[in-house]
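# Fold and geometry: a report
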Amino acid sequence: MKRAIYPGTFDPFTNGHLDIVQRATSIFDEVIVTVAKNSTKQPLFSIEDRVEMIRESISDLPNARVDSFEGLLVDYTKRQNATIIIRGVRMISDFEFEFQMALMNRKLAEHITTVFLMPEERYTYLSSSIVREIAQLGGDCKPFVPLNIEKRLLEKYSR
Ligand code: COA
């Protein structure tokens, strides 16, 4: 049983993230998309909202589920009896930070391996903060996020 953890802030979850989850579910038996609680970022959506939004977005993937965690990612990964961490790399600029994190996680837990997946090319320029900015300024987010998330963004910024 190969269980993989896909961690992130997911504020919000985008089509680029969904692309990574779809790829991961075709490789691993089970994929847990997990929302990090201890991010230094000031999130727009609460943890509960992000978990709910991801649950709706991945409902058609039978071997994917969503969760959240606090503390060290490697500790969470061990608690889930998983040995794989998935990270998406969009461009070379992601690599330095991802490389550092993967090596540190390996130092902390040698049996846990980080696997990097590339999203489809058309998502390589996407990020959650760019999506938030477009939504805030009244732009069309439809091409960038699942439908349920576009709705939540519209609700958030119409207040
Ligand atoms: N499609 C679209 N956007 C993507 C993407 C993809 N496929 N892959 C990454 N991104 C974007 C995200 O939207 C995010 O954009 P933003 O900065 O504009 O919000 C950015 O890339 C990176 O975010 P994310 O992938 O969510 O990572 P993160 O840096 O926010 O989270 C954790 C990293 C949570 C995994 C890391 O902080 C962690 O492990 N924390 C737990 C504590 C710990 O163990 N620390 C020691 C680590 S060595």
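Quick note: structure is the one above.
A few points on the structure. The model shown is predicted, which means the values in this text are computed figures rather than measured ones. (Residues numbered from 1 in each chain as written. Predicted model: local features only at pLDDT ≥ 70, side-chain atom pairs only at ≥ 80, totals over all residues. Heavy atoms only, no water.)

## A short note on unusual backbone geometry
The step from D11 to P12 runs through a cis peptide bond, and the omega angle for that step is 5°. With respect to the helices and strands, the residue P12 is situated in the loop between strand 1 (3-8) and helix 1 (15-27). Look at F10: it is not a glycine, yet its phi comes out positive at around 50°. Even without being a glycine, N81 presents a positive backbone phi close to 55°. Summarising the element assignment, N81 is placed in the loop between helix 3 (73-79) and strand 4 (84-88). In this structure N81 comes out as exposed when scored by relative accessible area, which is 63%. (Helix = DSSP H or I, 4+ residues; strand = E, 2+ residues; numbered from the N terminus. Buried < 20%, exposed > 50% of the residue type's maximum accessible area, 1.4 Å probe, protein only.)

## Quick look at the nonpolar core
F13, I58 and I86 are the most contacted members of the largest nonpolar core, which has 33 residues in total. Counting only elements with at least two residues in this core, the list comes to strand 1, helix 1, strand 2 (30-36), helix 2 (47-57), strand 3 (64-69), strand 4, helix 5 (128-136) and helix 6 (147-158). When sequence neighbours within four positions are dropped, the list of residues in contact with F13 reads L18, V21, V33, I54, S57, I58, V145, P146 and I149. (Core = buried A, V, L, I, M, F, W, Y, C linked by side-chain atoms within 4.5 Å. Contact = heavy atoms within 4.5 Å.)

## Side note on the pairing of strand 2
Judged by how many residues are buried, strand 2 sits mostly within the fold: seven of seven residues are covered. The sheet contact formed by strand 1 and strand 2 spans six bridges and is parallel. Within strand 2, the position partnered with P7 by the bridge is T34. The β-α-β motif built from strand 1, the intervening helix 1 and the parallel element strand 2 has right-handed crossover chirality. As judged from the six bridges shared by strand 2 and strand 3, these two strands associate in the parallel manner. Within strand 3, the position partnered with V33 by the bridge is V66. (Pairing = 2+ DSSP bridges. Right-handed = clockwise from strand over helix to strand, strands pointing away.)

## Side note on the environment of S93
When you line up the elements, S93 lands in helix 4 (residues 92-108). On the basis of relative accessible area, S93 is assigned to the exposed category, the value being 57%. The spacing of S93 and Y125 is 32 residues in sequence and 11 Å in space, taken between C-alpha atoms.

## Topic: the site of the ligand
Around the ligand sit 25 residues in total, of which T9, K41, L73, S128 and S129 are the nearest. Within the contact set of the ligand, a nitrogen atom lies 3.3 Å away from a backbone nitrogen or oxygen of L126. Within the contact set of the ligand, an oxygen atom lies 2.3 Å away from a side-chain nitrogen or oxygen of S129. Out of a free accessible area of 950 Å², the ligand has 83% covered by protein chains. Taken together, the elements giving at least two residues each to the shell around the ligand come down to strand 1, helix 1, helix 4 and helix 5. Top element by residues in the shell around the ligand is helix 4. It accounts for four residues. Of the residues assigned to the shell around the ligand, the class counts are eleven nonpolar, eleven polar and three charged. (Near = heavy atom within 4 Å. Polar contact = N/O pair within 3.5 Å; in protein donor to acceptor, adjacent residues only side chain to side chain. Areas by Shrake-Rupley, 256 points an atom, 1.4 Å probe, with all protein chains shown as cover. Nonpolar A, V, L, I, M, F, W, Y, C, P; charged D, E, K, R; others polar.)

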